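# Residue-level structural notes
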Amino acid sequence: MRATTATTTTTTTTTTRDAARSSARRTATRRRVDVGATRRATVTVRASSTARGFECAIDARGVDAAATTTATATMRRRRVIARSTTVDGETGKLNALGAAIWKFVRPHTIRGTLLGTTAIVSKILMGNPEMISMHLVPRALLGLLALLMGNGYIVGINQIYDVDIDKVNKPFLPVASGELSVFAAWAFCAVTALGGAAIVATNFGALITKLYCFGLFLGTIYSVPPLRLKQYALPAFLIIACVRGFLLNFGVYHATRAAIGLPFVWSPAITFITIFVTTFATVIAITKDLPDIEGDLKYKIETFSTRLGVKKVSYIGSGLLLANYIFAIALSVKNPTWFIQPLMIGGHALFASFLIVKTKALENAKFSRDAILQYLSLIHISEPTRRYAISYAVFCLK
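The structure displayed is predicted, hence computed values, not measured ones. (Residues numbered from 1 in each chain as written. Predicted model: local features only at pLDDT ≥ 70, side-chain atom pairs only at ≥ 80, totals over all residues. Heavy atoms only, no water.)

## What about the packing of aromatic side chains?
Quick reminder of the rule: Pairing of aromatic rings covers Phe, Tyr and the six-membered ring of Trp, with a centre-to-centre limit of 6.5 Å; geometry is then stacked below 30 degrees between planes, edge-to-face above 60, and tilted otherwise. By definition, any uninterrupted DSSP run of H or I lasting at least four residues is a helix, any uninterrupted run of E lasting at least two residues is a strand, and each is numbered from the N terminus. A simple rule labels every residue: compare its accessible area, found with a 1.4 Å probe on the protein chains alone, to the largest value its type can have, and call it buried under 20%, exposed over 50%, or partly exposed in between.
Tallied over the entire structure, the rule returns 12 aromatic pairs. Between the aromatic rings of F280 and Y325, the centroid separation amounts to 6.3 Å while the plane-to-plane angle is 70°, which identifies the pairing as edge-to-face. Note that F280 is positioned in helix α9 (residues 268-287) and Y325 in helix α12 (residues 310-334), a separation of 45 residues in sequence. Taken as a pair, F280 and Y325 share a single burial class, namely buried. Aromatic side chains Y325 and F351 sit 5.5 Å apart centroid to centroid with 35° between the ring planes, which places their arrangement in the tilted category. One end of the pair, Y325, is in helix α12; the other, F351, is in helix α13 (residues 341-364), with 26 residues separating them in the sequence.

## Considerations on the packing of helix α8 (residues 233-259) against α9
Each pair of packed helices can be described by the angle between their axes along with the distance between the axes. Let me state the cut-off plainly: As a rule, the C-alpha atoms of each element are fitted with a line to give its axis, helices using only the stretch in contact, and angles between N-to-C directions run from 0 to 180 degrees. Orientation is classified from the angle alone, with under 35 degrees giving roughly parallel, over 145 giving roughly antiparallel, 65 to 115 giving roughly perpendicular, and any other angle giving oblique. The crossing is said to be left-handed when, going from far helix to near helix, the turn is anticlockwise and less than a right angle, and right-handed when the turn is clockwise. By definition, residues are in contact when any of their heavy atoms lie within 4.5 Å. Note on residue categories: nonpolar means Ala, Val, Leu, Ile, Met, Phe, Trp, Tyr, Cys or Pro, charged means Asp, Glu, Lys or Arg, and polar means any other residue, Gly included.
Closest axis-to-axis distance for the α8/α9 pair is 8 Å, and the angle between their directions is 150°. Taken together, the axes of α8 and α9 lie roughly antiparallel to each other. The way α8 lies across α9 gives a crossing that is right-handed. Of the residues in α9, those touching α8 at F237, I240, A241, R244, G245, F246, N249 and Y253 are I270, T274, V277, T278, A281, T282, I284 and A285. A class-by-class count of the residues in the contact of α8 with α9 yields 10 nonpolar, five polar and one charged.

## Structural notes on the pattern of salt bridges
Applied cut-off: Counted as salt bridges are all cases of a side-chain nitrogen of Lys or Arg within 4 Å of a carboxyl oxygen of Asp or Glu.
Summed over all chains, the structure comprises seven salt bridges. One salt bridge in this structure joins D162 and R228, with 2.5 Å as the shortest N-O distance. Placement of the pair is D162 in the loop between α3 (136-161) and α4 (163-169) and R228 in the loop between α7 (205-223) and α8, with a sequence separation of 66 residues. No difference in accessibility class separates D162 from R228, as the two residues are buried. For D289, the salt bridge goes to K288, with nearest N and O atoms at 2.9 Å. The partly exposed category is assigned to K288, whose relative accessible area is 26%.

## A word on the packing of α3 against helix α6 (residues 182-203)
Two elements in contact, α3 and α6, have axes separated by 8 Å at closest approach and are oriented at 150°. The angle between the axes of α3 and α6 places the two elements in the roughly antiparallel class. Where α3 crosses over α6, the two elements pack in a sense that is left-handed. Between α3 and α6, the contacting residues are R139, L142, L145, A146, M149, G152, Y153, G156, I157, I160 and Y161 on the first element and A185, W186, F188, C189, V191, T192, A193, G195, G196, I199, V200 and N203 on the second.

## Considering the nonpolar core
We apply this condition: Remark: nonpolar core denotes a set of buried residues (Ala, Val, Leu, Ile, Met, Phe, Trp, Tyr, Cys) joined through side-chain atoms within 4.5 Å.
In this structure, F104, Y212 and I239 are the most contacted members of the largest nonpolar core, which totals 53 residues. Among the elements of the structure, α1 (2-104), α3, α6, α7, α8, α9, α12 and α14 (369-378) are those that each provide at least two residues to this core. Residues contacting I239, with those up to four places away along its chain left out, are L218, I221, Y222 and L229. Grouped together as the second largest cluster of nonpolar side chains are 24 residues, F280, L321, Y325 and F351 included.

## A short note on the confidence of the model for the protein chain
Worth spelling out the cut-off: Residue-level confidence of the predictor is summarised by pLDDT, bounded by 0 at the bottom and 100 at the top.
Confidence along the protein chain averages 78 in pLDDT terms, with 74% of residues attaining 70 or more. When mean pLDDT is compared element by element in the protein chain, α6 scores highest at 96, while helix α15 (residues 383-395) scores lowest at 54. Counting contacts from residues 41-51, a segment whose pLDDT is below 50, to residues more than four positions away or on other chains yields zero contacts. Contacts from residues 380-384, a stretch scored under 50 in pLDDT, to residues over four places away or in other chains number 24 contacts.

What follows is the structure in structure tokens.
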């Protein structure tokens, strides 16, 4: 019995120990599993944190790169805009300078020169069609350029020395208004005078060069002190009649004949047109100062208008023009072989009638300044219309 009890006790004790050991092993195993899981979780968390950090770093770098790209693009746009603004500003300045120079050369005088000289050259070539050749074109264009440059010098130098008077009489002119600086005006005049003289000297011979330089000289003493002959009515009239009348037309006629290889010959028709044009130039010299009487009186410039008054000078101008038209009609009647009579007589009769009507309108307006300006523009005294009348007379020649 005791032996059985002892055996049972021993067996129970052994079983208990085995159970305890088994439980301990299971607990240790669970702990190791838990520790492994914990370590794996920790590694996963760390790896996840590292990945997130890396991703954040990448995102941050991307944001920085995008910001840098945006800033660079903005700077580039600003530079382009700045350059565009600079170019626009420079273009605007050049356009303004070009507009001022165009006003400075008095466009109506350019149109008149172009029209008058083209009419004379065309008439000569029409009379000698066998002499026409394309190799004459460059020389003709150089001659025209020289004339325009001489014209630009003469009207330019006058504006430089008339700046104070023009502020009263013609404030729209570029030197008087400040659109063109005096320095720029001087530079332009120097270039046109020297350039024009050089063109003529190298292309048109000694006689035309002397006549051209003489015209520049007359234009200079007309405006420049100490002579400044424009302040005296008679010398001013003689200079304008000579330069705008005789020198221009004789020079163009002579140069054109020389260019096509013909000797210079005074013809009755060319004698007529020279007289006709010089008379127009005389009317210009007498009446050109009608609208400027206020400034001329202020600065003590002696003109026919300040000496004789607006009314008398207007009548004198109209009378001379009427006599010029009657002279053209009478000469055509007397010498029918020189002219195309229907054009010569009919056209100048219309000019004369129109002149009478416009002079009467000036009387009715009591010789006001606005009426004078309209009168000058409509009776063929102003440069463009004057040249149209002259061109018409040229083409009435046979």
